[in-house]
Protein chains: 2
Amino acid sequence: MTETRYGKGEYIFREGDPTEYFHIVKEGSVKCVKLSLDGKECTLKVLMPGDLFCCDAATFDGAYHPGTAQPMGDVSVLRMKKEAYFKMLRANPDAAMEVIRYLGNRLNEAQEKAKVFALDRADQRLASLLVNLAERSGVQESNGLRITVRLTRQDMANMVGITTETAIRIMARFKKDRLVTGTAARLVIRDLPKLKLLAST
Amino acid sequence: MTETRYGKGEYIFREGDPTEYFHIVKEGSVKCVKLSLDGKECTLKVLMPGDLFCCDAATFDGAYHPGTAQPMGDVSVLRMKKEAYFKMLRANPDAAMEVIRYLGNRLNEAQEKAKVFALDRADQRLASLLVNLAERSGVQESNGLRITVRLTRQDMANMVGITTETAIRIMARFKKDRLVTGTAARLVIRDLPKLKLLAST
DNA sequence: CACAAAACATGACTATTGTCATGTTTTATT
DNA sequence: AATAAAACATGACAATAGTCATGTTTTGTG
């Protein structure tokens, strides 16, 4: 298990690269993205410390990465040769069962997301995203939950399949309604219950 | 491993049921659906013989089913108590690795679908669906590939997150353009290459 | 600090898809 | 074969989100 550091603008791996290593996030956040033919970006998931890179599940089944893993700021990643990792899993039923549980969980998550994409409006999708982020990476502050991951309106748009402009407009409305404050560097959720309500209406 | 048969109108399990069993499809097709609060349906996946029910991955991680499993026509399903299955996986590294591979594959599939939902128009999503179905369940016939699963326009709509009316309109256009023919009981893909092109444009 | 680049913002207009209403055709069941 | 139910179809209109253009503010960097 070796540790590698990556900075802004670098890639951990890119769509189409062979799946040589198994990865785990140690520090920082990593985003998994796919690109469409005309260059539009779709962010599948933001990985945080402890997450396996199975958002890019190709490591488990597939010779090539189906998406790109991109650091968000400075990150530190642990990695291990795929073969060694598989050998370890074979020898260690507890670890294998843990991976099965983890993958099951991630699959459920992906399908819940598919449901949101299929049925919800742009504002609801954005609200769902904010709720998720708040629960995964929010720290309590005087005026609400601050999101520790730096996310621009553009990033949010890519995560829920809308355009940057709509993300901006909806965030402006959320701000007016006192549900959130701030922008990328300092985004604060002020009314989590109302956002939850909106997400599930 | 016991075999159970289900017919139209029955449920194999429903959203919220405890996850007692691990399931595999033996014969027929099963659809995994989630419902929104206002009753709209979202079909996550159509399972075919050999598929594990990990579209409903709760069996692997979670005490309750996050979706409903519904037979499409007559089906036969194999099942095993969850505990026994987990015990078997622990004792059998090959089986465990196989499940890991399968889950990884399904996760990739789910994320590819998320990308399609995020970036593509209704007609492209429908085209993607038809391509997938053709490749998974199509049988060659004189005039094209026949889809062996019975799918109404409504079913298709639920699978790609559009309304029944738009599904009907788009299918009418596809028919006019000689990409497909027929309806639910006898749906034939006449021009797979063109559908593929449309799906990825 | 100055300056460039990125992020945020807003308006006008368009495209896409949903909604609702109504009617026809197909399929299944007695 | 008759009949009910489901599926398919279509029009008119509304709502939602995308596109493009342009301008302001914030952030990062030499």
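All of the points below concern the structure found in this document. Just so it is clear, the model here is predicted, and its values are computed rather than measured.

Reading the values: rules and limits
- The numbers attached to residues start from 1 for each chain and follow its sequence in the written order.
- Just so you know, chain letters begin at A and ligand numbers begin at 1, following the order they were written in.
- Given that this is a predicted model, residues contribute local features only at a pLDDT of at least 70 and side-chain atom pairs are listed and counted only at 80 or more, while totals for whole chains, interfaces and linings are drawn from all residues.
- The side-chain figures draw on all heavy atoms in the structure; neither hydrogens nor water molecules are used.
- Being near a molecule or strand, for a residue, means having at least one of its heavy atoms within 4 Å of it.
- Two N or O atoms count as a polar contact when they lie within 3.5 Å, although within protein this holds only if one can serve as hydrogen donor and the other as acceptor, and sequence-adjacent residues are included solely when both atoms are side-chain atoms.
- A run of H or I in DSSP counts as a helix once it spans at least four residues, and a run of E counts as a strand once it spans at least two, with each numbered from the N terminus.
- Each residue gets one of three labels, nonpolar for Ala, Val, Leu, Ile, Met, Phe, Trp, Tyr, Cys and Pro, charged for Asp, Glu, Lys and Arg, and polar for the others, Gly among them.
- A residue counts toward the fit only if its pLDDT is at least 70 in both copies, and the copies are then superposed by least squares on the C-alpha atoms of those residues.
- Contacts were defined at the residue level, with two residues in contact if any of their heavy atoms lie within 4.5 Å.
- The quantity reported as buried area is the accessible area (1.4 Å probe) lost by two parts once they are put together, taken as the sum for both.
- Counted as salt bridges are all cases of a side-chain nitrogen of Lys or Arg within 4 Å of a carboxyl oxygen of Asp or Glu.

Here we come to the protein's contact with DNA strand C. With respect to spatial proximity, 16 residues lie near DNA strand C, and among them R153 and R169 of chain A together with A122, T166 and R169 of chain B are the closest. For DNA strand C, the backbone portion of the atoms within 4 Å of the protein, that is sugar and phosphate, comes to 65%. At 3.2 Å from a phosphate oxygen of DNA strand C is found a side-chain nitrogen or oxygen belonging to T163 of chain B. R169 of chain B has a polar side-chain atom sitting 2.9 Å from a base oxygen of DNA strand C. Breaking the surface near DNA strand C down by element, the ones donating at least two residues are α5 (164-176) of chain A together with α5 (164-176) of chain B. Counted by class, the surface near DNA strand C contains four nonpolar, five polar and seven charged residues.

What follows deals with the relation of the copies chain A and chain B. Once chain A is rotated about the relating axis by 180° and shifted along it by 0.0 Å, it coincides with chain B to within an RMSD of 0.0 Å. What the rotation and shift describe, once combined, is the action of a two-fold rotation axis. When the interface residues of chain A are mapped onto chain B, 100% of them are again interface residues, pointing to one common binding face.

Let us now look at the interface of chain A and chain B. The partner chain B presents 42 residues to the 42 residues of chain A that form the contact. At the boundary of chain A with chain B, total buried surface from both sides reaches about 3900 Å², with 65% on carbon and sulfur atoms. Taken together, the connections running from chain A to chain B amount to four salt bridges. Here D94 of chain A and R90 of chain B are joined by a salt bridge, their closest N and O atoms 2.5 Å apart. Between the two partners, chain A and chain B, sit six residue pairs in polar contact (both at pLDDT 80 or more). Contributing elements (two or more residues each) for the side of chain A that touches chain B: β2 (21-35), β3 (41-47), α1 (82-91) and α2 (93-119) of chain A. For the side of chain A that touches chain B, the leading source of residues is α2 of chain A, giving 21 residues. In terms of residue class, the side of chain A that touches chain B is made up of 24 nonpolar, seven polar and eleven charged.

The next subject is the protein's contact with DNA strand D. Around DNA strand D, the surrounding shell holds 16 residues, and the nearest of these are A122, T166 and R169 of chain A together with R153 and R169 of chain B. Taking T166 of chain A, its side chain carries an N or O atom lying 2.4 Å from a phosphate oxygen of DNA strand D. R169 of chain A is positioned such that a nitrogen or oxygen atom in its side chain is 2.9 Å from a base oxygen of DNA strand D. Sorting the residues of the surface near DNA strand D by element identifies α5 of chain A together with α5 of chain B as the ones contributing at least two each. Residues belonging to the surface near DNA strand D are distributed by class as follows: four nonpolar, five polar and seven charged.

Structural measurements only, silent on function.
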